[in-house]
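This is what each chain is made of:
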Amino acid sequence: MKFEVTLHYKGESGDIETMLRDPDMWRCRARVAQMEDAASVSLSTDEHTRVVTARFELSTKDLPVKVPAIVPASVGATFREAWPGTEGACRMEITTSGVPVRVEATSAHRVNADGLARWITGEVTCALPLVGRRVEQEIVSHLNELAQLEARAHALYIARSSSRS
């Protein structure tokens, strides 16, 4: 199932671009989503690409969606963002263990008067027989909450950065 989400960030565009590539932003996202204890974040870079990977292990009772009984009690999710060079586009991928769900997306952004707008477009696929389409719909319906979580994570990141200065 295809989706599109728009996120807005206030501030200087260069600072925002740096933030989006910073592993600490993933730590802020985990804290805001109350999954800080379930998260591990790593960064790898090569000459051309910066990759941030965030891994979460979650109890299915803590997920914001109702899951079918055939899903195990614990699932893992790995979020991977690859930023080639210095351009504003990135490739995102979310893979899971415990349930056959995959998300692939691309992100692009544009500077505006207030800061920066980021568009994320992609597709959610779930390979569960009989219920896969419903799981996809449930996940996509919760993507609107992403904008609210991202705004709170952005505020936390700015607060943390300010306290370090």
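See the structure printed just above.
Because the structure is a prediction, the values reported are computed rather than measured.

J.: For this particular structure, what's the right way to read the packing of helix α3 (residues 132–142) against helix α4 (residues 144–164)?
T.: A packed helix pair is summarised by two numbers, namely the angle formed by the two axes and the spacing between the axes. Interaxial distance between α3 and α4 falls to 4 Å at its minimum, and their mutual angle equals 40 degrees. Contacts between α3 and α4 involve Val140, Ser141 and His142 from the former and Asn144, Glu145 and Leu146 from the latter. For the contact of α3 with α4, the class distribution of residues is two nonpolar, three polar and one charged.

J.: What should I look at first to understand the packing of helix α2 (residues 23–32) against α4 in this one?
T.: One way to put it is that α2 packs onto α4 with a least axis distance of 8 Å and a crossing angle of 125 degrees. The pairing of α2 with α4 is recorded here as oblique in orientation. Like other packed secondary-structure pairs, α2 and α4 cross with a definite hand, here right-handed. Of the residues in α4, those touching α2 at Asp24, Met25, Arg27, Cys28, Arg29, Arg31 and Val32 are Leu149, Glu150, Arg152, Ala153, His154, Leu156, Tyr157, Arg160 and Arg164. For the contact of α2 with α4, the class distribution of residues is seven nonpolar, one polar and eight charged.

J.: Please clarify how the pairing of strand β6 (residues 101–111) should be interpreted in this entry.
T.: Walk down a regular strand and you will see the side chains alternate between the two sheet faces. By the bridge criterion, six bridges tie strand β5 (residues 90–97) to β6 in an arrangement that is antiparallel. Note that in β6 the partner of Glu93 across the bridge is Glu104. Of the pairings in the sheet, the one linking β6 to strand β7 (residues 115–126) comprises eleven bridges and is antiparallel in character. Residue pairing for β7: Val103 is matched across the bridge by Val124.

Here is what the cut-offs are and how they apply
- Residues numbered from 1 in each chain as written.
- Predicted model: local features only at pLDDT ≥ 70, side-chain atom pairs only at ≥ 80, totals over all residues.
- Heavy atoms only, no water.
- Axes fitted to C-alpha atoms, helices over the stretch in contact; angles between N-to-C directions.
- Helix = DSSP H or I, 4+ residues; strand = E, 2+ residues; numbered from the N terminus.
- Contact = heavy atoms within 4.5 Å.
- Nonpolar A, V, L, I, M, F, W, Y, C, P; charged D, E, K, R; others polar.
- Parallel < 35°, antiparallel > 145°, perpendicular 65-115°, else oblique.
- Left-handed = near helix turned anticlockwise from the far one by under 90°.
- Pairing = 2+ DSSP bridges.

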